[in-house]
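# Report on the structure
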Amino acid sequence: MNRQKHIWLVLFVVLFAFTSQAQVTFETKVSRKKLGLNERVRVDFVMNADGDDFNPPSFEGFRVVGGPNQSISNSYINRKRTYSKTYSYFLSPLKQGNLRIGKASIYVSGETYTTSSITLEITPAVKTPSDGLGNNPEVIAEQNVHLVAEISNPTPYLNQRLTITYKLYVSNNVSITSQWREINSPRYADFWSKNIDSQKLNLFEGKYQGEDYRYVVLKTTVLYPQKTGPLEIEPLTLDVPIDVPGKRRNIFGRSLTTRVNKTISAGKRTITVKPLPIKDRPGNFTGAVGDFTFSVTPNKKVLEVDQALELSLTVSGKGNLNTLSLPSLKVPSTLEVYEPQRKENIRTRASGISGSISQTYTLVPQNKGTYPISPISFSFFNPDTQTYQSVSSEQIVIRVTAGSATKQDPTIAQTQTKKPQPLIIEERFRYIKLNADLSPIASPHFFKSKLFWGLLFGPLGLIPLFVLLGKKYRSMRADVQGLKLRKANRMARKYLVEARKNKHNKAIFYEALERSLHNYLKARLDIQTTQISKERIAKLLLERKVAAMAVLDFEKLLKSCELARYTPTSDVAIKQDYKKAIDTISLIDKQIQ
Amino acid sequence: MKCLVKFYVFFILFSIQGQAQGLFNEAAQNYKNEAYKKAIEQWNSILDNGQHSAALYYNIANAHYKLNQVGPSIYYYEKALALAPNDAQIKTNLTFAQNAKVDAITPLPKTIFSKWYTTIARQFTFDGWALLAVLFSGLFSILFLGYYFAGAEQKKRLFFTTAIICSCLFVLVFTMASVSYKDLQKNVFAIVFSEATDVKSEPKTNSDTIFVIHEGTKVQLLETDGLWTHVAIVNGVEGWMPSAELKKL
């Protein structure tokens, strides 16, 4: 029992000794744990020892509005010293939700103490923010001066104009008396931009979130987006000295003002650039957006070869004149075209770019003739009507009056000029033909037709035929004797037949018989009628080895023929003579050589 | 009866001929009075009736030229030249029309032989060459027979040489006829009628554009695929273009 008491005593003494030893506390205190987005919170890091090397947390999700403020209190109560050292911060949350304030650390006599982290709940902005801190001029300044970027059209088309107007709103509670400074001026990376600075700062009355404010227009920027998709615009940041009237007044009753230098920014803005519609996009569209007129004007229409002609293509109106490309000129190849001169007459105002651009081509015709320059059309997208529009120029006809229609070789031209040329007839466009000379279109081709082949090979095929005929003819001509013989024989036979027919007519019979005999001899002996005499005939026949009997018979026959003309003869004699003639002739025919 | 039908046919043909001539002259009057559109209409109606001539095509081309329609005028000049390859008047006016077109394409250089060939081949149409072939074939036959039957040595020799020359000429002329006939079958040309057309590397709308061709340019037709035609221009470049923008010669 006694022993137990002793143990309790020892324990008590030991415990007391520990507690009486200097206890270091280091903790985080917040003025409130729940606050609106537009409210503030005070964070104190309190310690009861004189620590140093204070290391605050990063305050992620907060903006440090004030601080760190350091305060030390030292008090003695009943000879007991109470010491506290405090680091204070004023924080303003940047986003909603649960935000954590991290750990802070301090170094006290060789040891590091850390606080535990604290979580704050941030609610949406409350209507009447209470800072709960009294009238902080910085807060007042921030609440009464605003920089606003007004965008005319947050969803423009590509190359459609938009303007950003920066306005500085100042409430009636505060005033700005000295010049502000631009810390960060935005650059517009994916835009064609032009700043239109206000020459004079005119003060306007206006409303900001329903309250009366005064405002000035700082500057206006004209932008032409060059890219589609969401594009970010960097904020404009100003350092503005603001005079905030305080509650204290000077001896004259005026309120004392405090000057606060405030950095205010217009905030980032995102612009969504719409691409131009693909539907109905004309083929010759080159990216012009706006409202334009287009014209093509030559300075003359009738000229001579090697004179120059100027042709201007002009686009005028409102839109992206600075970046659009003019349609190209297409002219007949025989017009020499020189590089065009580009002339711009553009004004940029807050309402956009307006004016005109033109391209002037110099054309030199090389040849005589008529040159139609086909209409050139220029297309653009009109963002107001959201449609594509096309403007076409008129067709221009250029007449080149003097000169040649074909390119002349200069060397020839020179030699020509040296020679005396009595009359140079220029090449000219010829008149129509007056003789129709029509033929059916669907006329069959002669080549490869049946007629063609016939006519082609006909004569060649006729060659062998002609050759054969020629041969026959020649062989016939070669046999002239035979021909005569055949002829005489034929005659003899003919007269014999005639004689037989006229057996009853004595005179005709004998005449025919005689002729027949004569013709026979003519054929056989190859003699003429004049040479015929009885002696000669007998001689010739004997020479041709005809038997004497036959020759005698023949002579007798001839004699009887002569006699019969003058003396009467009987039918029997005629018959006999006829038979004799046939017999004799056939006999001579057999014997003659 | 048959005779009567024949007579009627002849009469109708004759009256068509007469009508066409009348229309032709009327159109010529319109041309003179600068009523070119009317003149073109009238001349075209003669074509529609199935009759043509170099003069007719030439006149239509002139009227189109006067109306500053480059494509049609070149088309009809080429048509006229096909019928009358050596007509100086047509050639002169074709030069005027060609001066007014946008494209200036330098043709591929030709070998001297192909130049000779074109100059010679242009002298006649293939039917003309065919007629010449027939002529030479007949002449050869006559000369050969002359050689065959001639008596005197000298005469024989003369006939023989001329016959040989004739046969050589016959072969030449016949070759010309068949070659130019084949050329005509194979080399089909067309004139671009649309103001400007992209010539693509493939017969598809979304394929690459090789070059842009303008109104009045003569192209050679190689093959067709659906609505697309494979064409070659005189500098040897080939590509595909929509068939609707061409008019075949």
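Residues numbered from 1 in each chain as written. Chains lettered and ligands numbered in written order. Predicted model: local features only at pLDDT ≥ 70, side-chain atom pairs only at ≥ 80, totals over all residues.

Right, let's get into the environment of Ala55(B). You can see Ala55(B) is positioned in helix H3 (residues 54–66). In sequence terms Ala55(B) and Leu83(B) are 28 residues apart; their C-alpha atoms lie 9.3 Å from each other. For Ala55(B), the contacting residues outside a window of four places in its chain are Lys433(A), Asn435(A), Ala436(A) and Asp437(A). (Helix = DSSP H or I, 4+ residues; strand = E, 2+ residues; numbered from the N terminus. Contact = placed C-beta atoms within 7 Å.)

The subject of this paragraph is the pairing of strand S8 (residues 105–108) of chain A. Residue and element names in this part refer to chain A. Sheet analysis places strand S4 (residues 52–55) next to S8, joined by two bridges and oriented antiparallel. Bridge pairing links Asn-55 to Ser-105 in S8. Of the strand pairs in this sheet, S8 and strand S9 (residues 111–114) are connected by four bridges, and their pairing is antiparallel. Across the sheet, the residue bridging to Ser-105 is Thr-114, located in S9. Between S8 and S9, which follow one another and run antiparallel, lie two residues, and Ser-109 among them has a positive phi close to 30 degrees. (Pairing = 2+ DSSP bridges.)

So, about the sheet that holds strand S22 (residues 302–303) of chain A. Reading across the sheet, the three strands line up as S22-S30-S27 (chain A) and stay open at both edges, with mixed pairing between neighbours. Unpaired on one side and paired on the other, S22 and strand S27 (369–373) of chain A mark the two borders of the sheet.

A word on the confidence of the model for chain A. Per-residue confidence for chain A gives a mean pLDDT of 79, with 88% of residues at or over 70. Under a pLDDT of 50 for its full length, residues 408–424 of chain A has, in the predicted model, two contacts with residues more than four places off or in other chains. (pLDDT = per-residue confidence, 0-100.)

A word on the interface of chain A and chain B. Counting residues at the interface gives 42 residues for chain A and 46 residues for chain B. The set of elements that each furnish at least two residues to the side of chain A that touches chain B consists of S27, strand S31 (439–440) and helix H4 (450–478) of chain A. Classifying every residue of the side of chain A that touches chain B gives 25 nonpolar, twelve polar and five charged. Sheet analysis places S31(A) next to strand S1 (residues 51–52) of chain B, joined by two bridges and oriented antiparallel. Looking across to S1(B), one finds that Ser439(A) is bridged to His52(B). (Nonpolar A, V, L, I, M, F, W, Y, C, P; charged D, E, K, R; others polar.)

All names here are of chain A. With their axes 9 Å apart at the nearest point, helix H6 (residues 506–525) and helix H8 (residues 548–566) run at an angle of 150 degrees to one another. Regarding the angle of H6 to H8, the classification is roughly antiparallel. The handedness of the crossing between H6 and H8 comes out as left-handed. For the pair H6 and H8, contact is made by Lys-506, Ala-507, Tyr-510, Leu-513, Glu-514 and Leu-517 and by Leu-557, Leu-558, Cys-561, Ala-564 and Arg-565, respectively. A class-by-class count of the residues in the contact of H6 with H8 yields eight nonpolar, no polar and three charged. (Axes fitted to C-alpha atoms, helices over the stretch in contact; angles between N-to-C directions. Parallel < 35°, antiparallel > 145°, perpendicular 65-115°, else oblique. Left-handed = near helix turned anticlockwise from the far one by under 90°.)

The subject of this paragraph is helix H5 (residues 88–99) of chain B. Spanning twelve residues, H5(B) covers 17 Å between terminal C-alpha atoms, matching the ideal 16 Å at 1.5 Å per step. All of the buried residues along H5(B) are Ile90(B), Asn93(B), Leu94(B), Thr95(B), Phe96(B), Ala97(B), Gln98(B) and Asn99(B). Buried residues belonging to H5(B) abut S27 of chain A together with H3 and helix H4 (70–83) of chain B. (Expected span 1.5 Å × (residues − 1). Buried ≥ 20, exposed ≤ 12 C-beta atoms within 10 Å, placed from the backbone.)

Residue and element names in this part refer to chain A. As summarised here, the arrangement of the four strands in space is S1-S3-S6-S5, forming an open sheet in which the pairing is antiparallel. The sheet is open, and its two borders are formed by strand S1 (26–30) and strand S5 (62–77), each paired with just one other strand. Geometrically, the sheet is characterised by an average inter-axis angle of 20 degrees between neighbouring strands, direction not taken into account.

This next bit is on the nonpolar core. Core analysis: the biggest nonpolar cluster contains 66 residues, and Leu56(B), Tyr58(B), Tyr77(B) and Ala80(B) have the highest contact counts within it. Excluding its chain neighbours within four sequence positions, the residues that come into contact with Ala80(B) are Ala54(B), Tyr57(B), Tyr58(B), Ala61(B) and Ile90(B). Ranked by size, the runner-up nonpolar core spans 26 residues in total, among them Ala141(A), Ile164(A), Tyr224(A) and Val273(A). (Core = buried A, V, L, I, M, F, W, Y, C linked by C-beta atoms within 7 Å.)

This part is about the pairing of strand S30 (residues 396–400) of chain A. Residue and element names in this part refer to chain A. Sheet topology note: the S22/S30 ladder contains two bridges and is parallel. The residue of S30 that forms the bridge with Val-302 is Arg-399. Judged from the five bridges that link them, S27 and S30 form a sheet pairing that is antiparallel. Bridging across to S30, Gly-369 finds its partner in Val-400.

A few words on unusual backbone geometry. You will see that Asn78(A), though not glycine, has its phi angle at about 50 degrees, which is positive. For Asn78(A), the location among the structural elements is in the loop between S5 and strand S6 (80–93). Asn78(A) gets classed as exposed once you count the C-beta atoms within 10 Å, which come to 4. Unlike most non-glycine residues, Glu34(B) shows phi in positive territory, near 65 degrees. Within the element layout of this structure, Glu34(B) appears in the loop between helix H1 (2–32) and helix H2 (36–48). Looking at Glu34(B), the number of C-beta atoms within 10 Å reads 11, which means it is exposed.

A separate point is H3(B). All names here are of chain B. In this model H3 runs 18 Å from its N-terminal to its C-terminal C-alpha over 13 residues, within 8% of the 18 Å that 1.5 Å per residue would give. Burial analysis of H3 places twelve of its 13 residues in the buried class, which makes it a mostly covered element. When H3 is considered as a whole, its buried residues turn out to be Ala-54, Ala-55, Leu-56, Tyr-57, Tyr-58, Asn-59, Ile-60, Ala-61, Asn-62, Ala-63, His-64 and Tyr-65. Of the residues trailing H3, Asn-68 is marked for its positive phi of about 60 degrees.

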